[in-house]
Amino acid sequence: MVDEAVQIFGGYGFHEDYPVCRAYRDSRINRIFEGTNEINRMLIIQMLMKRAMGGQLPLIPAAMKLADEILAGPSFEEAPEGVLAGESRVVANSKKMFLQAAGGAVQEIPREAGRRAGTDRRALNVVMEIYAMESCLLRAQKLRGKGESASQTMIAFRALAHQ
C-alpha cells in the first residue's frame, strides 16, 4: 500500500513535508530486517553442520547414542508428571527426532548444492520450531514455579491447545 501511495504522490512521496515519506521509510525497513533474518537462517544450519563435521559439536556421537537407545527398546523409566509433563515429553522427543535426522544427514555423502539447500532449510525450520516450543515450555515452567495464580493464563492456553 505504501508503494502505491508513493506512486500517487509522485516526487512528493519522498518529501518530508508529506506523511507518505515517513510511512515509506518505516515500511522499507521491514524488508531489510527480513533479509537479515533469511541470512541468519541460512547461517544457523551451516554453522551447526560445520561444527559437527569439525568435531566441535558432538552431533555424530550423540546421534549414535540415540540410535543405541532406540535399538535398546522402550524404557520403563518413570515419566515426569504434572501439568506440563506431556509438553516436556514432546520437546524432548522433538529434539531426539532432529538429532537422528541431523546425524544421518552429516554422515551422508555430500549432495549437489540445490538439494542440500532445501534440506538445510527444512532442518532449520525444525530447529526453529523446537526452539520456540522449548522457550514456551520453559516460560510456562518458570511461571508455574511462581504459583498457581501467576500461571493461570498459560494453563488456560494449554487447555485450549488440547481441545
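Note that the coordinates shown come from a computational prediction; the quantities given were computed from them, not determined experimentally. In this convention, every chain numbers its residues from 1, walking through the sequence in written order. Totals for whole chains, interfaces and linings use all residues, but because this is a predicted model, local features are given only for residues with pLDDT of at least 70 and pairs of side-chain atoms are given and counted only at 80 or more. Where side-chain values are given, they derive from all heavy atoms of the structure, hydrogens and water being excluded.

A. Seen up close, the overall build of the protein. Secondary structure follows DSSP: runs of H or I at least 4 residues long count as helices, runs of E at least 2 residues long count as strands, and numbering of each begins at the N terminus. Within the protein, the regular secondary structure consists of six helices and zero strands. Written out in order from the N terminus, the α and β elements of the protein read α-α-α-α-α-α. In the protein, buried positions account for 17% of the 163 residues. Two residues form a contact once any of their heavy atoms are found within 4.5 Å. Taking as baseline every contact in the protein between residues at least 6 positions apart, the subset at least 24 positions apart corresponds to 64%. If you sum the accessible surface of the protein, you get close to 12,400 Å²; carbon and sulfur atoms cover 60% of it. The buried label goes to any residue with under 20% of its type's maximum accessible area, the exposed label to any with over 50%, and the partly exposed label to all in between, with areas taken from a 1.4 Å probe on protein chains only. Under the convention used here, a 1.4 Å probe and the Shrake-Rupley method define accessible areas, while residue burial counts only the protein chains that appear.

B. Inspection of the packing of aromatic side chains at higher detail. Between rings of Phe, Tyr and Trp, where Trp is taken as its six-membered ring, a pair exists when centres lie within 6.5 Å; planes separated by under 30 degrees are stacked, by over 60 edge-to-face, and by other angles tilted. Counted under the stated rule, the structure contains one aromatic pair. Ring geometry for phenylalanine 9 and tyrosine 18: centres 5.8 Å apart, planes at 65°, overall edge-to-face. According to the relative accessible area criterion, phenylalanine 9 is partly exposed, its value standing at 32%. On the basis of relative accessibility, which here comes to 30%, the residue tyrosine 18 falls in the partly exposed class.

C. Expanded view of the nonpolar core. Here, the term nonpolar core denotes a set of buried Ala, Val, Leu, Ile, Met, Phe, Trp, Tyr and Cys residues that are joined through side-chain atoms within 4.5 Å. Judged by nonpolar contacts, Ile45, Met49, Ala52, Leu59, Ala63, Leu66, Phe98, Leu99, Ala102, Ala123, Leu124 and Ile130 together constitute the single largest core of twelve residues. Apart from the residues lying within four places of it in its own chain, the contact partners of phenylalanine 98 are Ala123, Val126, Val127 and Ile130.

D. Structural view of the pattern of salt bridges. Here, a salt bridge means any Lys or Arg side-chain nitrogen found within 4 Å of an Asp or Glu carboxyl oxygen. This model, assessed by the stated rule, comprises two salt bridges. The residue lysine 95 makes a salt bridge to glutamate 134 at a minimum N-O spacing of 2.6 Å. Here glutamate 134 lies in helix H5 (residues 113-145) and lysine 95 lies in helix H4 (residues 85-107), a separation of 39 residues in the sequence. Relative accessible area serves as the criterion here: at 36%, lysine 95 is assigned to the partly exposed category. The exposure class assigned to glutamate 134 is partly exposed, which follows from its relative accessible area of 26%.

E. Focus on helix H3 (residues 59-71). Multiplying 1.5 Å by the residue count of a helix minus one yields the expected span of that helix. Helix length check: H3, at 13 residues, gives a terminal C-alpha distance of 18 Å against a target of 18 Å (1.5 Å per residue), a fit within 8%. Of all the positions in H3, only Leu59, Ala63 and Leu66 are classed as buried. Considered in projection along H3, the buried side chains sweep an arc of 60° and stay on one side of the axis. Facing away from the buried side of H3 by more than 90 degrees, the exposed set consists of Pro61, Lys65, Asp68 and Leu71. Phi for glycine 73, located one or two positions after H3, is positive at around 95°. Here, the arc refers to the directions that run from the helix axis to the C-beta atoms.

F. Focus on the environment of glutamine 141. By the secondary structure assignment, glutamine 141 is in helix H5. Given the relative accessible area of 34%, glutamine 141 is considered partly exposed. Excluding residues that lie within four positions of it along the chain, glutamine 141 makes contacts with Leu84 and Ser88.

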